Amino acid sequence: MATRAHAMGEPRDGGTRALALEYTHAEDRTRILGFWIFLATDMILFGCLFATYLVLRTHMDGGPTPATLFDMKGFGAETLALLTSSFTGGLATLSMRDGRQKSVAFWMSVTIVLGLTFLGIEASEFAHDAFIGAVWQRSAFLSSFFTLVGTHGCHVTFGVLWMLVTLYQVLRRGLTPRTARKVFVVNLYWHFLDVVWIFIFTVVYLTGMVM
């Protein structure tokens, strides 16, 4: 209980509960605020990519259409892997708040595996598209599709690498205010990517199948 109270930033004398561990220092609070601002700018980026896709999705130039290109099983499996990873990432954050280092490491490891699974399925999907001639330069629709989904995939790749580095730091240094802030921020980033994927799943894949 003492470890848990310390991780949550609670005074050991039973006084008023303090801030969570990742918010203990003013510098960490400022960095977290800065990361929220970064996510807002990243949201603008994806908003522009979505707008471009919506304008160009009907410009197929005789090439593959969304209905013939998209595979329900493929993007369904991607969605399952990524949304499940968001849940496990949340469990890592909760474990961090409880001061359970081994649990944090376990759930972050599961999240990383699920992220790699997502990337593997997406890479296979892109390889299949290229094999049948559905490449970036074939039509405006394919250009906007690969740009939007590929940008998200690059973000996920970076997120996996970032999470690996954070996991290493947690295992090496334990749960400190600094490592706790890193666990919190990387999972915040991961949740953001899951939200973006929900929009891709709906706007790109489901709408494309219907059209």
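Quick caveat: nothing in here was measured; it's all calculated off a predicted structure.

**Here's the deal with the nonpolar core**
Item 1. Phe70, Phe145, Ile200 and Tyr205 are the most contacted members of the largest nonpolar core, which totals 50 residues.
Item 2. If you list the elements that add at least two residues to this core, you get helix H2 (26–56), helix H4 (72–97), helix H5 (101–131), helix H6 (140–173) and helix H7 (177–210).
Item 3. Per-element tally for this core: the top contributor is H7, with 16 residues.
Item 4. Setting aside its immediate chain neighbours within four residues, Tyr205 contacts Phe70, Phe75, Glu78, Glu125, Phe145, Val149, Trp197 and Ile200.

**Section: the environment of Val183**
Item 1. Within the fold, Val183 resides in helix H7.
Item 2. Accessibility expressed as a relative area gives 0% for Val183, which makes it buried.
Item 3. Each C-alpha atom, one on Val183 and one on Val104, is 8.6 Å from the other, the two residues being 79 residues apart in sequence.
Item 4. In this view, Val183 contacts Ala92, Thr93, Met96, Val104, Met108, Thr166 and Val170; residues no more than four positions away in its chain are not counted.

**Brief notes about the packing of aromatic side chains**
Item 1. Taken as a whole and judged by the stated rule, the model has 22 aromatic pairs.
Item 2. The interplanar angle of 85° and the centroid separation of 5.0 Å between the aromatic rings of Phe118 and Trp197 together place this pair among those described as edge-to-face. Taken as a pair, Phe118 in helix H5 and Trp197 in helix H7 lie far apart in primary sequence, 79 residues in all.
Item 3. Looking at Phe118, the relative accessible area reads 0%, which means it is buried.
Item 4. Of the aromatic side chains, those joined through ring pairs into one cluster are Tyr53, Phe70, Phe75, Phe118, Phe126, Phe141, Phe145, Phe146, Trp197, Phe201 and Tyr205.

**Here we look at the packing of H5 against H6**
How two helices pack is summed up by the angle between their axes together with the distance between the axes.
Item 1. Look at H5 against H6: their axes get within 9 Å of each other, and the N-to-C directions meet at 155°. Our classification of the angle between H5 and H6 gives roughly antiparallel. Every pair of crossing elements has a handedness; the one defined by H5 and H6 is left-handed.
Item 2. Here the contact of H5 with H6 is composed, by residue class, of 18 nonpolar, 9 polar and 3 charged.

**Things to note about the pattern of salt bridges**
Item 1. A complete count under the given rule lists 1 salt bridge for this structure.
Item 2. In this structure, Arg100 engages Asp98 in a salt bridge whose closest nitrogen and oxygen atoms are separated by 3.4 Å.

Conventions adopted
Residues numbered from 1 in each chain as written. Predicted model: local features only at pLDDT ≥ 70, side-chain atom pairs only at ≥ 80, totals over all residues. Heavy atoms only, no water. Core = buried A, V, L, I, M, F, W, Y, C linked by side-chain atoms within 4.5 Å. Buried < 20%, exposed > 50% of the residue type's maximum accessible area, 1.4 Å probe, protein only. Helix = DSSP H or I, 4+ residues; strand = E, 2+ residues; numbered from the N terminus. Contact = heavy atoms within 4.5 Å. Phe/Tyr/Trp six-rings, centres within 6.5 Å; stacked < 30°, edge-to-face > 60°. Axes fitted to C-alpha atoms, helices over the stretch in contact; angles between N-to-C directions. Parallel < 35°, antiparallel > 145°, perpendicular 65-115°, else oblique. Left-handed = near helix turned anticlockwise from the far one by under 90°. Nonpolar A, V, L, I, M, F, W, Y, C, P; charged D, E, K, R; others polar. Salt bridge = Lys/Arg side-chain N within 4 Å of Asp/Glu carboxyl O.

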